[in-house]
Amino acid sequence: MSKPRRIIGFDPSIVACGWGVIDVEGSKMRHVAHGVIRPPRKEPLVSRLSFLFVEAQAAIEAFHPSEAGVEEAFMKDNAMSALKLGQARAACILAATQSGLIVGEYAAKLVKKSVVGTGAADKAQVAHMMNLLLPGANVKAGDAADALAIAITHANHPRIG
């Protein structure tokens, strides 16, 4: 019997970065863990990025995934928000690659379409599907649910780079 693939998903943010770990064996998926990294809001950006990097590495070291999925950057509110999101993504990608993980990047619409069936799904719909697809996850709508969805998307779309 082959060893299950263990995948960590990251929903990058400088405010609340979700992470979620799943095991995949054939078509079966199992929830392992999930959480949210919250860098201290009052700290300078460089300190928050360092905190995010260290905590992302800690999650990787705790659960030993071999692969990672990270949400791609997108333009939401303004250019400064997109720049900060890109920096948070870089912290997550560096934590993964420095740990030797294979990393895939996925657009938010693809993630939503992969797990809900529509790229316009809201956070509540994503969380609902995570709880259906991953019994026992008991995840609430938000960053950790999105990270689990990214991990599932990586499992089903193993494009690299």
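Below is a short write-up of the structure. (Residues numbered from 1 in each chain as written. Predicted model: local features only at pLDDT ≥ 70, side-chain atom pairs only at ≥ 80, totals over all residues. Heavy atoms only, no water.)

**Things to note about the sheet that holds strand β4 (residues 67-71)**
Rules: By definition, two strands form a pair when at least two bridges between them are found by DSSP. Helix numbers and strand numbers start at the N terminus; a helix is a DSSP run of H or I with at least 4 residues, a strand a run of E with at least 2. Where helices are involved, their axes are fitted lines through C-alpha atoms of the stretch in contact, as for all axes, and angles between N-to-C directions lie from 0 to 180°. Should any heavy atoms of two residues lie within 4.5 Å, those residues are counted as being in contact.
The strand order across the open sheet formed by five strands is β3-β2-β1-β4-β5, and the pairing between neighbours is mixed. Looking along the sheet, the strands with just one partner apiece sit at the ends: β3 (28-37) and β5 (102-106). Neighbour-to-neighbour, the strand axes of this sheet turn through a mean angle of 20 degrees, independent of strand direction. One ladder, built from five bridges, connects β4 with β5; its direction is parallel. Looking at β5, one finds that glycine 69 is bridged to glycine 104. Strands in contact with helix α1 (residues 45-63) are β1 (5-11), β2 (17-25) and β3; relative to β3, the strand with the most contacts, it is inclined by about 150 degrees. The strands touched by helix α2 (residues 79-98) are β1, β2, β4 and β5; relative to β5, the strand with the most contacts, the crossing angle is about 155 degrees.

**Observations regarding unusual backbone geometry**
Despite not being glycine, histidine 64 has its phi angle at roughly 55 degrees, a positive value. Summarising the element assignment, histidine 64 is placed in the loop between α1 and β4. Phi is positive for asparagine 138, close to 45 degrees, though the residue is something other than glycine.

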